[in-house]
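Notes for the structure review
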Amino acid sequence: MKLQNDLLLRAAKGQQVERIPVWMMRQAGRILPEYRKVREQAGSFIKLATTPEMAAEVTIQPVDILGVDAAIIFSDILVVPEAMGLPYEMIESKGPIFPETIKSKADLDKLSKGNPVDHLVYVLDALDIVKKELNGRVPLIGFAGAPFTIFCYMVEGHGSKTFSRAKKMMYSEPELAHALLQRITDATMAYLKAQIVHGADIVQIFDSWAGILSPEQYREFSLPYIAQICDAIDEAPITVFAKGAFFAREEIGKTACNVVGLDWNMDIAESRKLIPNKTLQGNLDPCVLYAPTSEVERHTKAMLTAFGKQNYIANLGHGVYPDTDPDKVKCFIETVKAF
Ligand SMILES: Cc1c2[nH]c(c1CCC(=O)O)Cc1[nH]c(c(CCC(=O)O)c1C)Cc1[nH]c(c(CCC(=O)O)c1C)Cc1[nH]c(c(C)c1CCC(=O)O)C2
């Protein structure tokens, strides 16, 4: 079906746009009272994410309520390790935990040998519903975690400031680390391809923990796996967002990705120089949205001016924080659309 608003896809492919497209990482979530209502009905995050009708409903909410130029499928990066045989739990107001973790070759061998996509049919069903209900209004974004970020959770078992247990495996048992990273990469490629078959118009890789690695470690343990995924996905444009990896911007730009996501630590002019021929996405500090409306407008316009209108997708530099006033979010989106 032909999209009525394909600004985001044209920008991603480096084609001319008449205005800058805008969406927000974590737009489908707790900032909206409408989301919290459906979340309450579901009873738990996992129930919401695994019930296709409900997941579809909260995916479309930001399109209707906020006027963003794309929907992102409501799910989580942790569904991939789960499909590989390592289930997660979401602890209310704390975050995800994995009761079992990967500590040894034996644990790796215990992971499921089947096709992980068979366990992700609920996401594909949600994509089908969203696609039908969007009816071509805006593009649909699919996503997955970067192999390194998923590795962090599978080894550490929960969030961490340092992920020192995961890094310990990289330093002391690099072969085991690489074997696990390759398993995750294979699952991720199959999953992203399935999302595209079920209507994702563009996909994004979230390397949320990239910033804890040294440039050398990033080059060994994250970048090659991201590059493999970018090489494998030629059915739709692909965005790589590596939070905190300012040191790897240039090399990420040299993979077969179409868009490089930036966080607010990354200078815009410098990023344009380091990544000359790709579309950039980002990078407003989500905390700007705590400021008065006039300041939200001022910071947003300064960012848009620095990026310029072409080869650019406006976004925050990371996910929107749950306690952000939806009116400030609307102000950010309206400022981009009026620019
Ligand atoms: C690291 C990571 C995770 N999940 C994700 C990342 C990468 C992006 C990033 O760096 O922020 C990605 C993610 N998680 C979620 C989405 C939905 C789509 C969207 O609107 O962007 C996306 C794209 C829903 C979610 N994932 C989660 C929620 C909140 C749970 C709830 O509603 O009860 C939502 C809406 C839970 C989650 N999931 C994860 C954590 C650490 C947490 C707890 C902390 C938090 O709440 O942000 C893992």
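Residues numbered from 1 in each chain as written. Predicted model: local features only at pLDDT ≥ 70, side-chain atom pairs only at ≥ 80, totals over all residues. Heavy atoms only, no water.

**Observations regarding the environment of D109**
For D109, the location among the structural elements is in helix α6 (residues 105–110). By relative accessible area, D109 is classed as partly exposed at 40%. Separated by 71 residues in the primary sequence, D109 and L180 have C-alpha atoms spaced 9.7 Å apart. (Helix = DSSP H or I, 4+ residues; strand = E, 2+ residues; numbered from the N terminus. Buried < 20%, exposed > 50% of the residue type's maximum accessible area, 1.4 Å probe, protein only.)

**Some thoughts on the pairing of strand β8 (residues 279–284)**
The element β8 is largely enclosed, with a buried count of 6 among its 6 residues. Sheet analysis places strand β7 (residues 259–261) next to β8, joined by 3 bridges and oriented parallel. Paired with V260 across the strands is L280, a residue of β8. Crossover handedness for the path β7 to helix α14 (residues 268–274) to β8: right-handed. Bridge count between β8 and strand β9 (residues 312–316): 5 bridges; the pairing is parallel. Bridging from a neighbouring strand, L280 pairs with Y312 of β9. Handedness of the crossover joining β8 and β9 through helix α15 (residues 293–307): right-handed. (Pairing = 2+ DSSP bridges. Right-handed = clockwise from strand over helix to strand, strands pointing away.)

**Notes on the UniProt feature "site: Transition state stabilizer" (unreviewed entry) in the protein**
Mapped onto the present numbering, the UniProt feature "site: Transition state stabilizer" (unreviewed entry) falls on D76. Residue placement: D76 occurs in the loop between β1 (71–72) and α5 (79–83). Of the residues examined, D76 reaches a relative accessible area of 14% and is grouped as buried. Those residues within four positions of D76 in sequence are excluded, and the remaining contacts are F45, Y88, M90 and F143. There is a polar contact of 3.1 Å between the side chain of D76 and the backbone nitrogen of L78. (UniProt positions renumbered as here; feature names shortened; annotations may be inferred. Contact = heavy atoms within 4.5 Å. Polar contact = N/O pair within 3.5 Å; in protein donor to acceptor, adjacent residues only side chain to side chain.)

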